[in-house]
Amino acid sequence: MWIFGWKGPSGFSARSTAEEVTQGIDASGLTAVVTGASSGIGAETARVLALRGAHVVMAVRNMEAGQNVKETILKEIPSAKIDIMELDLSSMSSVRKFASDYVMSGLPLNLLINNAGVMATPFMLSKDNIELQFATNHLGHFLLTNLLLETMKKTSSESNQEGRIVNLSSMGHNYAYRDGIRFDKINDESEYNSIQAYGQSKLANILHANELTRQLKEEGVQITANSLHPGSIATNLLRHHSFINALASSIGTYVLKNVPQGAATTCYVALHPQVAGVSGKYFSDSNIAKPSNLAQDAHLGKKLWDFSVKLTEPK
């Protein structure tokens, strides 16, 4: 981690902002879906992509909050192309409706930013009766990506431009359960640990991008899939842990990233020419980084893929 502002091989560091890593990049002609764009680094990602000329579709659970973000962006960038669509990643029916509506709209899709997430929540089940963090952070994005993939392939083929899928993971993937993904205990409340369950879902984000990369390369498709750690940022994701939240608020200015810095790696991976053709990699501080050994386990990635397909199949 380039915590003191030391630049990595990319020329950027932990202190680089989303605007800085995209300086001079023209994204006009690109269409991006950003999940969780109604707050935090998702909102900043949407703003900076719009600033660089991309048509941004904000996929949000809270439409009112999304509208407020859209209006704020338009005040700063009157020429911004922004739409809002409702998406609740904890509900497969909501994901299916979003994807169906998007496909029906006829819009192209160059960039899919799987940003939204929940963190370290008390044990809860999603609307589909799956542990909430795994359901929201991984399964919702897994299903969304699968349902939008044909649109991305069509866009890439017709425009002869590389499509990019970006999964927001976290260094928290290092703190998953010892066996990584608890396939037989996803809904086991008796052994539930909120931090480890979060780590499990973030590990799944990396494994998903890696297995997707393998499949896309096999098909010879011009689409990349990468994952990243945005950095430690004081956002409302910490709201379920009041002590940690209070600690983060008090020392955050000194050791945590601000939101523009937190969105930098996402925008770098989504837009920067240095990342062209790069796929199946894990990034941190706008540089390629090394994830855990479990995150590099191709067998575990394939097992997770098959498991996720079964869980997201229409009942």
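Scroll up to find the structure this text is about.
A brief structural summary. (Residues numbered from 1 in each chain as written. Predicted model: local features only at pLDDT ≥ 70, side-chain atom pairs only at ≥ 80, totals over all residues. Heavy atoms only, no water.)

The next point concerns the sheet that holds strand β3 (residues 81-86). Strand order in the open sheet formed by eight strands is β3-β2-β1-β4-β5-β6-β7-β8, and the pairing between neighbours is mixed. Of all the strands in the sheet, just β3 and β8 (287-289) have a single pairing partner and so form its edges. Ignoring strand direction, the axes of neighbouring strands in this sheet form an average angle of 25 degrees. Both strand β7 (residues 282-284) and β8 contribute to a ladder of three bridges, which runs antiparallel. The residue of β8 that forms the bridge with Ser284 is Asn287. (Pairing = 2+ DSSP bridges. Helix = DSSP H or I, 4+ residues; strand = E, 2+ residues; numbered from the N terminus. Axes fitted to C-alpha atoms, helices over the stretch in contact; angles between N-to-C directions.)

Quick look at the side chain of Glu211 now. In this structure, Glu211 sits in helix α6 (residues 194-219). The class of Glu211 is buried, set by a relative accessible area of 4%. A polar contact is formed between the side chain of Glu211 and the side chain of Gln215, at a distance of 3.0 Å. Each residue touching Glu211, except ones within four places of it in the same chain, is listed here: Gly301, Lys302 and Trp305. (Buried < 20%, exposed > 50% of the residue type's maximum accessible area, 1.4 Å probe, protein only. Polar contact = N/O pair within 3.5 Å; in protein donor to acceptor, adjacent residues only side chain to side chain. Contact = heavy atoms within 4.5 Å.)

Turning to helix α5 (residues 132-159), a few remarks are in order. Under the 1.5 Å per step criterion, the end-to-end length of α5 is 37 Å for 28 residues, consistent within 8% with the ideal 40 Å. The principal kink in α5, of about 45 degrees, is found at Leu148. Of all 28 residues in α5, 21 are buried, a share of seventy percent or more. Put simply, Glu131 is the residue that caps the front of α5, since its side-chain oxygen is 2.8 Å from the backbone nitrogen of Gln133. (Expected span 1.5 Å × (residues − 1). Bend = angle between axes of the 7 residues up to and from the residue.)

Attention now goes to a nonpolar patch on the surface. A cluster of nonpolar side chains, namely Met171, Tyr175 and Ile195, defines an oily patch on the protein surface of about 280 Å² accessible area. In this fold, Tyr175 is placed in the loop between β5 (163-168) and α6. (Patch = residues over 30% accessible without salt bridge, like charges linked within 9 Å, V, L, I, M, F, W, Y side chains within 5 Å. Areas by Shrake-Rupley, 256 points an atom, 1.4 Å probe, with all protein chains shown as cover. Salt bridge = Lys/Arg side-chain N within 4 Å of Asp/Glu carboxyl O.)

Since there are 3.6 residues in each turn of an α-helix, residues three or four apart along the chain are aligned in direction. With 26 residues, α6 extends 37 Å from end C-alpha to end C-alpha; this agrees with the ideal 38 Å at 1.5 Å per step. Sitting at the head of α6, Asn193 places a side-chain oxygen 3.0 Å from the backbone nitrogen of Ile195. In the stretch just after α6, Gly220 is the one whose phi turns positive, near 75 degrees.

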